[in-house]
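Coordinate analysis (summary)
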Amino acid sequence: MSSVRAGAPGATRECPHCRETILESAAVCPACRHYLRFDAGAEVSQALAPTPLRIEGSIRHPADGEPWEYTVVVSIRNDRDEEIAHKLIGVGAMNPNEQRTFTLTVEAVPATAKEPGKGGTRH
């Protein structure tokens, strides 16, 4: 039995610190970065998680002109092009000659389910 995984692959729970929905298997909340449990090797497995997608880009407001407002939205689509998640990440404003950098990172870890009969799945 794995002491790291608590349920079926993709099972979720609420972070007790920030109340974001996270994977049940997470030892560290990816939103607030608080530790959820102190498994041996949790930091190592987190650090070694493959990152199959990482996009980073910056925008700079020109020195002249009116302030800009921006909205950051992330959506996830499945292989049938159906939207399965849509999340507003943040909003803000930029004055002339200001810059913002945005980074999108997708980490992937093997999904190892808990042994049958050792607990349920929470969706």
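Description of the structure in this document. If you're wondering where the values come from, they're calculated on a predicted model, not measured in any experiment. (Residues numbered from 1 in each chain as written. Predicted model: local features only at pLDDT ≥ 70, side-chain atom pairs only at ≥ 80, totals over all residues. Heavy atoms only, no water.)

Regarding the pattern of salt bridges
Tallying each qualifying case throughout the model produces 7 salt bridges. E20 is paired through a salt bridge with K87; the nearest N and O atoms lie 3.5 Å apart. Of the two residues, E20 sits in the loop between β1 (12–14) and β2 (21–23) while K87 sits in strand β5 (residues 83–94), which places them 67 residues apart along the sequence. By relative accessible area, E20 is classed as partly exposed at 32%. When salt bridges with common partners are traced through the structure, they connect D79, R80 and E82 into a single cluster. (Salt bridge = Lys/Arg side-chain N within 4 Å of Asp/Glu carboxyl O. Helix = DSSP H or I, 4+ residues; strand = E, 2+ residues; numbered from the N terminus. Buried < 20%, exposed > 50% of the residue type's maximum accessible area, 1.4 Å probe, protein only.)

What about unusual backbone geometry?
In the Ramachandran plot, R19 falls in the positive-phi region, its phi being about 70° despite a non-glycine side chain. When you line up the elements, R19 lands in the loop between β1 and β2. Looking at R19, the relative accessible area reads 52%, which means it is exposed. Within the chain, D81 stands out as a residue other than glycine whose phi angle is a positive 65°. Looking at the element boundaries, D81 is found in the loop between β4 (68–77) and β5.

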